[in-house]
Amino acid sequence: MSTTSNTSAVPMTWNHATTDVVDPAAHTGGGVLHVNGDILATHPQQHLWIPDASDFQQYADWAASHGYRFFDVTPYSSVTAWIAAYPSFVLSTTLPGISQTQSPIPPLVPVSAQPTQQQPQQQQQQQ
């Protein structure tokens, strides 16, 4: 008899993505937390970008408390690399029905909004 409650995070194997990290066990960067519930019609698979690998379990537990109790992790070098490699697996930082302000997961920074090293130099030249 299983002692796992319906709100406990349960590891699963999700073989739809491959990490680009050389040593996933030593990876301290981010990755994708894949979660889903018992009934996929009501709790379909979601792909959540987690910026720090040490937080995967914490966010899996949070997702489980909202009915997404099954999880797996794909460590990845960056959110930009993930989007390029897996454009059909849309990333989110919250779950359906939960506003971004209620989600503990940090918001994604759009690639175009990330500052480059050239931007400060261009601003200095314009002054």
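The preceding data block contains the structure.
None of the values given here were measured: they were computed from a predicted structure.

Enquirer: How would you sum up the overall build of the protein chain? Please name residues and give values.
Expert: The helix and strand tally for the protein chain stands at three helices and five strands. Ordered by position in the sequence, the α and β elements of the protein chain form the string β-β-β-α-β-α-β-α. Residues classed as buried in the protein chain amount to 36% of the 127 residues present. For the protein chain, restricting intrachain contacts to residue pairs at least 6 apart in sequence, the fraction spanning at least 24 positions comes to 70%.

Enquirer: Account for the packing of aromatic side chains, with residues named and values stated.
Expert: For the structure shown, the criterion picks out five aromatic pairs. An angle of 35 degrees between the planes, with centres 5.8 Å apart, marks the rings of Tyr-86 and Phe-89 as tilted. In this pair, the class of Tyr-86 matches that of Phe-89, namely buried. Through a chain of ring-to-ring contacts, three or more aromatic side chains come together here, namely Tyr-76, Trp-82, Tyr-86 and Phe-89.

Enquirer: Describe the sheet that holds strand β1 (residues 10-11), with residues and values.
Expert: As summarised here, the arrangement of the five strands in space is β1-β4-β2-β3-β5, forming an open sheet in which the pairing is mixed. Whereas interior strands pair on both sides, the edge strands pair on one side only; in this sheet they are β1 and β5 (91-92). Where strand β2 (residues 31-36) lies against strand β3 (residues 46-50), five bridges are found, and the strand directions are antiparallel. Bridging across to β3, Leu-33 finds its partner in Leu-48. Against the sheet, helix α1 (residues 56-64) makes contact with β2, β3 and β4 (70-75), and its axis sits at roughly 25 degrees relative to β2, the strand it touches most.

Enquirer: Tell me about the pattern of salt bridges, and please be specific about residues and values.
Expert: In total, this model carries one salt bridge according to the counting rule given. As a salt-bridge pair, Asp-38 and Arg-69 come within 3.1 Å of each other at their nearest N and O atoms. Separated by 31 residues along the polypeptide, Asp-38 in the loop between β2 and β3 and Arg-69 in the loop between α1 and β4 bring together distant segments of the chain.

Enquirer: Give me the environment of Gly-30: which residues, what numbers.
Expert: As for its position among the elements, Gly-30 is in the loop between β1 and β2. Here Gly-30 falls in the buried class, since its relative accessible area comes to 7%. Between the C-alpha atom of Gly-30 and that of Asp-55, which follows or precedes it by 25 residues, the distance is 9.0 Å. Those residues in contact with Gly-30 that sit more than four places away from it in its chain are Trp-49, Ile-50, Pro-51, Asp-52, Ala-53, Phe-56, Pro-75 and Tyr-76.

Conventions adopted
- Residues numbered from 1 in each chain as written.
- Predicted model: local features only at pLDDT ≥ 70, side-chain atom pairs only at ≥ 80, totals over all residues.
- Heavy atoms only, no water.
- Helix = DSSP H or I, 4+ residues; strand = E, 2+ residues; numbered from the N terminus.
- Buried < 20%, exposed > 50% of the residue type's maximum accessible area, 1.4 Å probe, protein only.
- Contact = heavy atoms within 4.5 Å.
- Phe/Tyr/Trp six-rings, centres within 6.5 Å; stacked < 30°, edge-to-face > 60°.
- Pairing = 2+ DSSP bridges.
- Axes fitted to C-alpha atoms, helices over the stretch in contact; angles between N-to-C directions.
- Salt bridge = Lys/Arg side-chain N within 4 Å of Asp/Glu carboxyl O.

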